[in-house]
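These are the residues of each chain, in order.
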Amino acid sequence: MSSSPAVTTLCENSNEVFVDVAKLLLTYADNILRYPNEEKYRSIRIGNPTFSTKLLPIKGAVECLFEMGFEEAETHLVFPKSASVEQLKLIRDSIAAERDQRLRGEQPVQPTARTAAALASPPSSESPSTSSSAPEIAAAAAAATASSQPVTPPPSQPSSLENSMSFFLTLQSNFQHVMIYETPELQQKARSHIPHQQLSSVAECKLKEAKEADPECKLGIEDFLVLELLRWFKQDFFSWVDCLPCSQCKGPTQNATALSPTTEDIRWGAQRVENHYCQSCRLSTRFPRYNNPEKLLETRRGRCGEWANCFTLCCRALGLEARYIWDSTDHVWTEIYSVSQRRWLHCDSCERGCDNPLLYEVGWGKKLAYVLAFSKDQVVDVTWRYSCKHPEVLSRRTRVQEAWLLHTINGLNATRQQSLSPERKKELTERLLVELVEFISPKKPKPGEMGGRNSGSLAWRIARGETRKADAGTSTQAAGYVFTPTEKEKSDRLLHVRYSATKDQYCRESNNSEVIQSWDQCVWSKESVFRKVENDWQMVYIARTEGSSVGKICWKFDFSQAGMKIKSVSIMASSQTFHSGKVCWHLQAGQSTTEFSGDGKMQSFQSLSGSSEFIVVAELSGGEEETSWQHSQLFRQSLKETEDTSFEILIHLEDA
């Protein structure tokens, strides 16, 4: 039997089926080997009747094409110029040897057969919402996972063949693509770009702080390493591209009609090249959408596809268990397995977000349908982790039938896991069962999952319907965090909190130096504000969102429930303005309002003595022309000033 997993799977078919498919596969391979410079032999149209009826439904056939080196384009499978001809010949020869053996009448040993047609059997016309529920699907998946037998596929409906064929190729293409992350040479190249020792050192310090603050803390070193990797990747390494500046005048461009990819573009997986056109210079700036993470280590720019692709590679390069997440509503991200927490964590490098899976549905307003996770070992349907509205999601899952999807995923996993040890297979099964049980009960949104998208320009986010409510000009969005005293703070009669813009974290000094990540996690309410990182100038600050005339952010402190009142308050806030930009700081306590400056100096407020609660408010406005949003800034700080404090509040308390 062949050492190739795909050829091994192909061999499970009957002699007649195998010989027919082998003839087609060998024809595809031999044409490329004989005519290496003929483009017509390097692509296979997905809609071709021969491909869709004689090859696609056969178990292991498409897998063989991917192992040969074919990649998925929009309408074709393409054998790129960068693909290894030696690998193509290796798979070709393996198929040929098996075919010759069968033609001589030597019967191979047949593994347990799976129905060949199942991989492409399309859905029935019945809507999934009327036949099953999300919990039932999860339960069925759990049962199928625990069993060695796949789910019986539904009867074939030819009218839906195109849907199932397209979906199957999406599964195949992503499942094959993630294997590139496992290349030792590529991982080494990625590590050469990552400040591994620095990130690990910071992660170890933060883990130590967390353990000192909470001896029962269940987090591990990999949890903090992931947070540091997310920070470094967005802050220092990768950059977002809406439209590139004109290569001649450096002015703005617009994305026009696509350009043809060059041989070099195709070599690095860029089947699509955007044309960023300058109206002033009449010049086109090319933006190839590279799909090869090795190239992305050099270009270090793109949109969510490039970000997730390169970030997942970086995670694997550091030894983290990572998988690539594909969302059918046009977004991709990463998941990391936390060994200490024994669960998968959502990680979005574009947003620098961790463990906020409901962000897309609740914060961005996405209408989710299919969310799939791809790793080197398995494919998992993780849709239910990312939704708290399971019935709504289920009503949108109409592309393929649920039983078909479950059966197909089980088949792909069985093929990929053939070479794994029994111990590893058991570990994967146990993890999956825990995960599937988690999916059955929808979670409630957390404050960090309420916000809209940060990455991309305002126009781009509005066009995709992924803005914050405040971005679109509606009401203030409440984050709802309130500072209340802990038992230690009540005992010490002191609440002391600091925020560092560079680290993007709050440190609650009065509570065993408790650390809270992300500027918006401790906010009471916010309107049209976001955290801006300028990698070119190495600066960071909080500013208004583009197109907003006013931005507002509030922090709330409440001691009434603790039976305490304020003895004294001291505040240090830093803000900076340019041109006609304005920042107004004030305190609200009941009907009283007190203004103060954001000059970076500590100021005391005896007027709050005796109060039980107050709110700190910062309002940003003014500025000139298109960049007015940048002309009023909070907490502007150099990315190199890691020890500086941008915002500090010291509150002494007494019994009410």
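Our structure is the block above this text.
Residues numbered from 1 in each chain as written. Predicted model: local features only at pLDDT ≥ 70, side-chain atom pairs only at ≥ 80, totals over all residues. Heavy atoms only, no water.

A. Fine view of the overall build of the protein chain. The number of helices and strands found in the protein chain is 20 helices and 31 strands. Of the contacts formed within the protein chain by residues at least 6 apart in sequence, a portion of 71% connects residues at least 24 apart. With the model as given, the accessible surface of the protein chain reaches about 28700 Å², and the carbon-plus-sulfur share is 50%. (Helix = DSSP H or I, 4+ residues; strand = E, 2+ residues; numbered from the N terminus. Contact = heavy atoms within 4.5 Å. Areas by Shrake-Rupley, 256 points an atom, 1.4 Å probe, with all protein chains shown as cover.)

B. The arrangement of empty space enclosed by the protein in detail. For the structure on display, the rule yields two cavities of 30 Å³ or more. Its volume calculated, the second largest cavity comes out at about 40 Å³. Lining the second largest cavity are Phe483, Val497, Arg498, Tyr499, Tyr506, Trp555, Phe557, Phe647 and Ile649. Counting residues per element, the lining of the second largest cavity draws most heavily on strand β17 (residues 494-500), which supplies three residues. Of the residues contributing to the lining of the second largest cavity, the split by class is eight nonpolar, no polar and one charged. (1 Å grid on protein atoms, 1.4 Å probe; cavity = no way out; pocket = protein on both sides within 12 Å on 5 of 7 lines; lining within 4 Å. Points joined across faces, edges and corners; volume = space filled by probe spheres on them. Nonpolar A, V, L, I, M, F, W, Y, C, P; charged D, E, K, R; others polar.)

C. Focus on the packing of helix α2 (residues 15-34) against helix α4 (residues 61-68). Here α2 crosses α4 at 20 degrees, and the two axes come no closer than 11 Å. On the basis of the axis angle, α2 is roughly parallel to α4. Along this stretch, α2 crosses α4, giving a crossing that reads as right-handed. For the pair formed by α2 and α4, the contact residues are Val21, Leu25, Tyr28 and Ala29 on the first element and Ala61, Cys64, Leu65 and Met68 on the second. Across the contact of α2 with α4, the residue classes tally to eight nonpolar, no polar and no charged. (Axes fitted to C-alpha atoms, helices over the stretch in contact; angles between N-to-C directions. Parallel < 35°, antiparallel > 145°, perpendicular 65-115°, else oblique. Left-handed = near helix turned anticlockwise from the far one by under 90°.)

D. View of the pattern of salt bridges. With the rule as written, the count across this model stands at 44 salt bridges. Arg92 is the partner of Asp93 in a salt bridge, and the nearest nitrogen-oxygen pair spans 3.2 Å. With a closest N to O distance of 3.7 Å, Asp327 and Lys366 form a salt bridge. Taken together, the positions of Asp327 in strand β9 (residues 322-327) and Lys366 in the loop between α15 (359-363) and β13 (371-374) put the pair 39 residues apart, joining distant regions of the chain. Like Asp327, the residue Lys366 is buried in the burial classification. Residues participating in the shared-partner salt-bridge network are Glu321, Lys376, Asp377, Arg424, Glu427 and Arg431. (Salt bridge = Lys/Arg side-chain N within 4 Å of Asp/Glu carboxyl O. Buried < 20%, exposed > 50% of the residue type's maximum accessible area, 1.4 Å probe, protein only.)

E. View of α2. With 20 residues, α2 should cover 28 Å at 1.5 Å per step; its first-to-last C-alpha distance of 27 Å lies within 8% of that length. Where α2 is concerned, the buried positions are Phe18, Val21, Ala22, Leu24, Leu25, Leu26, Tyr28, Ala29, Asp30, Asn31 and Ile32. Buried positions along α2 lie against α1 (5-10), β1 (43-45), α3 (49-55), α4 and α5 (85-103). (Expected span 1.5 Å × (residues − 1).)

F. Focus on the sheet that holds strand β14 (residues 379-381). Strand order in the open sheet made by the six strands is β12-β11-β10-β9-β13-β14, with antiparallel pairing throughout. The open sheet has two edge strands, β12 (353-354) and β14, and neither has a second partner. In this structure, β13 lies alongside β14, joined through three bridges in antiparallel fashion. Within β14, the position partnered with Leu372 by the bridge is Asp381. Sheet strands in contact with helix α17 (residues 402-416) are β13 and β14, and its direction is about 160 degrees off that of β14. Taken strand by strand, helix α18 (residues 422-440) contacts β9, β10 (331-338), β11 (343-348) and β14, and its axis lies near 15 degrees from that of β14. (Pairing = 2+ DSSP bridges.)

G. Quick look at the nonpolar core. Core analysis: the largest hydrophobic core is formed by 92 residues, its most contacted members being Phe51, Leu65 and Ile95. Among all residues touching Ile95, those that are not within four sequence positions of it are Val7, Leu10, Phe18, Ala22, Leu25, Leu26, Cys64 and Met68. Membership of the second largest hydrophobic core comes to 40 residues, among which are Tyr506, Met564, Leu634 and Phe635. (Core = buried A, V, L, I, M, F, W, Y, C linked by side-chain atoms within 4.5 Å.)

H. Broad picture of the packing of α4 against α5. Two elements in contact, α4 and α5, have axes separated by 8 Å at closest approach and are oriented at 145 degrees. The residues of α5 that touch α4, namely those facing Cys64, Glu67 and Met68, are Gln87, Leu88, Ile91 and Ile95. Of the residues contributing to the contact of α4 with α5, the split by class is five nonpolar, one polar and one charged.

I. The sheet that holds strand β2 (residues 71-72), seen in detail. Taken together, three strands build an open sheet; the order of strands is β1-β3-β2 and the sheet is antiparallel. For this open sheet the edge positions go to β1 and β2, each flanked by a neighbour on one side alone. Alignment of β2 against strand β3 (residues 76-78), held across two bridges, turns out to be antiparallel. Following the sheet pairing, Glu72 is matched in β3 by Leu77.

J. Up close: the packing of aromatic side chains. Taken as a whole and assessed by the stated rule, the structure comprises 34 aromatic pairs. Residues Phe483 and Phe557 carry aromatic rings whose centres are separated by 4.7 Å and whose planes lie at 10 degrees to one another, so their mutual orientation is stacked. Of this pair, Phe483 sits in strand β16 (residues 482-483) while Phe557 sits in strand β23 (residues 551-558), and the two are 74 residues apart along the sequence. When its relative accessible area of 1% is taken as the criterion, Phe557 is described as buried. A cation sits over an aromatic face here: Lys295 above Tyr290, 5.5 Å from the ring centre. It is Arg323 that lies over the ring of Trp344; its NZ or CZ is 3.9 Å from the centre. (Phe/Tyr/Trp six-rings, centres within 6.5 Å; stacked < 30°, edge-to-face > 60°. Lys NZ or Arg CZ within 6 Å of the ring centre and 35° of its normal.)

K. How the structure looks around the pairing of β9. Of all six residues in β9, six are buried; the element is thus mostly enclosed. By the alternation rule, side chains of β9 split into Ala322, Tyr324 and Trp326 and Arg323, Ile325 and Asp327, which are all buried. In the sheet, β9 pairs with β10 via six bridges, with the strands oriented antiparallel. What sits directly across from Trp326, in β10, is Val332. Two elements, β9 and β13, share four bridges in a ladder whose sense is antiparallel. Within the sheet, the bridge partner assigned to Ile325 lies in β13 and is Ala373.

L. Up close: the side chain of Arg431. Considering the arrangement of structural elements, one finds Arg431 in helix α18. The exposure class assigned to Arg431 is buried, which follows from its relative accessible area of 12%. Ignoring any residue separated from it by four or fewer positions in sequence, one finds Arg431 in contact with Glu321, Tyr337, Trp344 and Arg424.

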